[in-house]
Amino acid sequence: MTELRGRGRGDKITLTGLRVRAHHGVFDFERAEGQEFVIDVSVSVDLAAAAASDELDRTVHYGELAEAVVAAVERDPVDLIETVAERVAAVALGFAAVDEVEVTVHKPQAPITVPFGDVAVTIVRSRA
């Protein structure tokens, strides 16, 4: 077997399509009725050590990340999905192994008067 060297540049763990019912939005009916939000999160993590050791504590437990993201989206309502995305990014960066995060918040039932497939915001944040 060939030994691989170097840091895992470009390594990512990605969660796609996390579905969360929440009450975010500018309009009163959005706050009262709630709606589904769909979250995609991709965290940059050096996976080389985890792969070499086969030890969970050398990576990010994606089940715990998913639960933390859902909890962040469910909590106190805000007006903008931009704010929700920032909240999710902060949660992901709270995992010690995460160097950078890309978050997309989809609002498929956004109150738009024309036909559409999706509305989403995407942000990228990294450690300071």
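Residues numbered from 1 in each chain as written. Predicted model: local features only at pLDDT ≥ 70, side-chain atom pairs only at ≥ 80, totals over all residues. Heavy atoms only, no water.

Rules: UniProt positions are given in the numbering used here, feature names are shortened, and annotations may be inferred rather than shown by experiment.
Under an unreviewed UniProt entry, the name given to the protein is 7,8-dihydroneopterin aldolase, and the source organism is Agromyces hippuratus. Word for word, the UniProt comment on the protein under Catalytic activity (unreviewed entry) is "7,8-dihydroneopterin = 6-hydroxymethyl-7,8-dihydropterin + glycolaldehyde". Its UniProt record gives the protein the following Sequence similarities (unreviewed entry) comment, quoted word for word: "Belongs to the DHNA family."

**Focus on the pattern of salt bridges**
To keep it simple, the criterion reads: The rule for a salt bridge is simple: a side-chain nitrogen of Lys or Arg has to be within 4 Å of a carboxyl oxygen of Asp or Glu. A run of H or I in DSSP becomes a helix once it reaches four residues, and a run of E becomes a strand once it reaches two; helices and strands are each numbered from the N terminus. Partly exposed describes any residue whose relative accessible area lies between the buried limit of under 20% and the exposed limit of over 50%, with all areas from a 1.4 Å probe on protein chains only and scaled to the type maximum.
If you walk through the whole model with that rule in mind, you get six salt bridges. The closest approach of N and O atoms between Arg75 and Asp76, which form a salt bridge, is 3.1 Å. Two residues, Asp76 and Arg87, come together in a salt bridge whose shortest N-O distance is 3.5 Å. A residue pair is termed long-range when its members are at least 10 positions apart, and Asp76 in the loop between helix H3 (62-74) and helix H4 (81-93) and Arg87 in helix H4 qualify at eleven residues. The class for Asp76 is partly exposed, based on a relative accessible area of 42%. Under the relative-accessibility criterion, Arg87 is labelled buried at 10%. Here the residues in one salt-bridge network are Arg75, Asp76 and Arg87, joined through shared partners.

**Observations concerning H4**
Operational definition: Multiplying 1.5 Å by the residue count of a helix minus one yields the expected span of that helix. In this analysis, two residues are considered to be in contact whenever any of their non-hydrogen atoms come within 4.5 Å of each other.
The end-to-end C-alpha separation of H4 is 18 Å, in line with the 18 Å expected for 13 residues at 1.5 Å each. Those residues of H4 that fall on the buried side of the exposure criterion are Ile81, Val84, Ala85, Arg87, Val88, Ala89, Ala92 and Leu93. Where H4 is buried, its residues contact strand E2 (35-45), H3, strand E3 (98-106) and strand E4 (120-126).

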